[in-house]
Amino acid sequence: MHAGEKPDECTESDKKCVTQESLAQHQRVYTREKPYACSECEKTFIKKTALIQHQKVHTEEKPYKCSECEKTFITKTELIRHKKIHTGEKPYKCSECDKACITMGLLKRHQKVHTGVKPYECSECDKAFGSKEQLLQCQKIHTGEKPYECTDCDKAFGTKKLLMRHQKIHIGKKPYECTECDKAFARKDTLVRHQKTDIEEKPNKRSECDIHTEEKPDKYTEFDKTFTTLILRPHKCSECGMAFKAKYVLSDHEKIHTGEKPFRCTECKKAFSTNRLLMRHQKIHTGEKPYKCSECNQTFTRIDSLKVHHAVHTGLKLHKCTECHKAFKTRWELTEHHKTHTGIKPYECTECEKAFGTKGNLRQHQKLHARDNELLY
């Protein structure tokens, strides 16, 4: 600016700008005007520089390369942010809990945990979220949109994060190591679950986790460990007393009691309590059976069905009840059987309110009502 010239001042924030153009650009923060539109996808931007950076998404141009891992980025800002992963630098610290973040954006997102602010509400299921990204992820669940495809196996995902997590299966990458043993995991949540379930919550805990000892005094060691982890579950249902390892599994289970089924099949309009159940159901319509038995080449829609089928060839019953020593082919069968000892009966008949320990027993019972109704009509 030359001597004697007066800077242009914003009436909203009192910010002084050198030129009219920079003032107009600054004021768009308040007016939300976005005059720069992308010709490829019609996305609009406040600044022309932001549009230029965005257009690299379409050209796939990534000129900025990391010297540590050779990963490339569209913008220099993304590269600088990425480099902090290698240096471990986390300059943005939360004043509430001392958690440190790589970027200011991540810190602001984290701080909503303390404030409880969730301004983004899903119109489909009325769930509220702290960030727009979380809302978009939720909406993809309802629409079934899966734009991120794995180049190795053609499996598709709703978010880039889920795709990247999945791709670790193909490259065999397991960056999350347990400090108690040498076991490594592809996902952080799997490591946390391992540490919580297999180490912290084990009764008569020794210096090392039971699953890490090489000693196997008898052939039932694995059965006992399986059952121990089965009953040590911190998330308990207030309705029926069933307990679960993870909170999200408890949330899914609670829908049995509320009857909530927000996920609907577009083919036959059948509704489900979880997206996982919907996706499993949709394979009926597509005829997809990706899981093949190596012994007889029989294919299955679900991996758990394949595991159950394997027992036909092996004859093994690896899941043993510690109460009565009865053995089962699958962990699910053991879980269902265990209810006979605990007396838990979470499955209630809508016709007569009689309760059952297993879903199979409930179905058998419901056939009686169906038969009675046929006789009446």
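In this report, the structure presented in the accompanying data block is examined. (Residues numbered from 1 in each chain as written. Predicted model: local features only at pLDDT ≥ 70, side-chain atom pairs only at ≥ 80, totals over all residues. Heavy atoms only, no water.)

Turning our eyes to something else, we now look at the overall build of the protein chain. The helix and strand tally for the protein chain stands at 13 helices and 24 strands. Out of the 377 residues belonging to the protein chain, those deemed buried represent 26%. A sequence separation of at least 24 residues applies to 13% of the contacts in the protein chain between residues at least 6 apart. (Helix = DSSP H or I, 4+ residues; strand = E, 2+ residues; numbered from the N terminus. Buried < 20%, exposed > 50% of the residue type's maximum accessible area, 1.4 Å probe, protein only. Contact = heavy atoms within 4.5 Å.)

Along the chain, Lys62 falls in the loop between helix H2 (48-59) and strand E5 (64-65). Spatially, the C-alpha atoms of Lys62 and Thr72 are 5.6 Å apart, while their sequence positions differ by 10 residues.

Next up on the list: helix H10 (residues 275-286). Between its first and last C-alpha atoms H10 spans 17 Å; for 12 residues at 1.5 Å apiece the expected length is 16 Å, and the two agree. Those residues of H10 not exposed but buried are Leu278, His281 and Lys283. Elements that come into contact with the buried residues of H10 comprise strand E17 (263-264), strand E18 (271-272) and strand E19 (291-292). Once H10 ends, the next one or two residues include Gly287, with phi positive near 75°. (Expected span 1.5 Å × (residues − 1).)

Another point: the environment of Leu51. Take Leu51: it is sitting in helix H2. When its relative accessible area of 11% is taken as the criterion, Leu51 is described as buried. With 14 residues separating them along the chain, Leu51 and Ala37 place their C-alpha atoms 7.2 Å apart. Once residues within four sequence positions are removed from consideration, Leu51 is found in contact with Tyr36, Ala37, Cys38 and Phe45.

Here the focus is unusual backbone geometry. The residue Asp98 is not glycine, and still its phi comes out positive at about 65°. Position of Asp98 relative to the elements: it lies in the loop between strand E7 (92-93) and strand E8 (100-101). According to the relative accessible area criterion, Asp98 is exposed, its value standing at 56%. If you check the backbone angles, His325 has positive phi at about 65° while not being a glycine. With respect to the element layout, His325 can be found in the loop between strand E21 (319-320) and strand E22 (327-328). Judged by relative accessible area, His325 falls into the exposed class, the value being 53%.

Attention now goes to the nonpolar core. Core analysis: the biggest nonpolar cluster contains 6 residues, these being Cys237, Cys240, Met242, Phe244, Leu250 and Ile344. Here Met242 is in contact with His235, Lys236, Cys237, His253, Lys339, Ile344 and Pro346, once residues within four sequence places are set aside. (Core = buried A, V, L, I, M, F, W, Y, C linked by side-chain atoms within 4.5 Å.)

The end-to-end C-alpha distance of helix H5 (residues 132-143) is 17 Å, a good match for the 16 Å that 12 residues give at a rise of 1.5 Å each. Regarding H5, the residues found buried are Leu135, Cys138 and Lys140. Structurally, H5 contributes buried residues whose contacts are with strand E9 (120-121), strand E10 (128-129) and strand E11 (148-149). Positioned one or two residues after H5, Gly144 has a phi angle of 80°, which is positive.

Taken together, the side chains of Arg32, Lys34, Lys43 and Lys132 define a basic patch exposed on the protein surface. As for its position among the elements, Lys132 is in helix H5. (Patch = residues over 30% accessible without salt bridge, like charges linked within 9 Å, V, L, I, M, F, W, Y side chains within 5 Å. Areas by Shrake-Rupley, 256 points an atom, 1.4 Å probe, with all protein chains shown as cover. Salt bridge = Lys/Arg side-chain N within 4 Å of Asp/Glu carboxyl O. Lys, Arg positive; Asp, Glu negative; His and termini not counted. Charge placed at Lys NZ, Arg CZ, Asp CG, Glu CD.)

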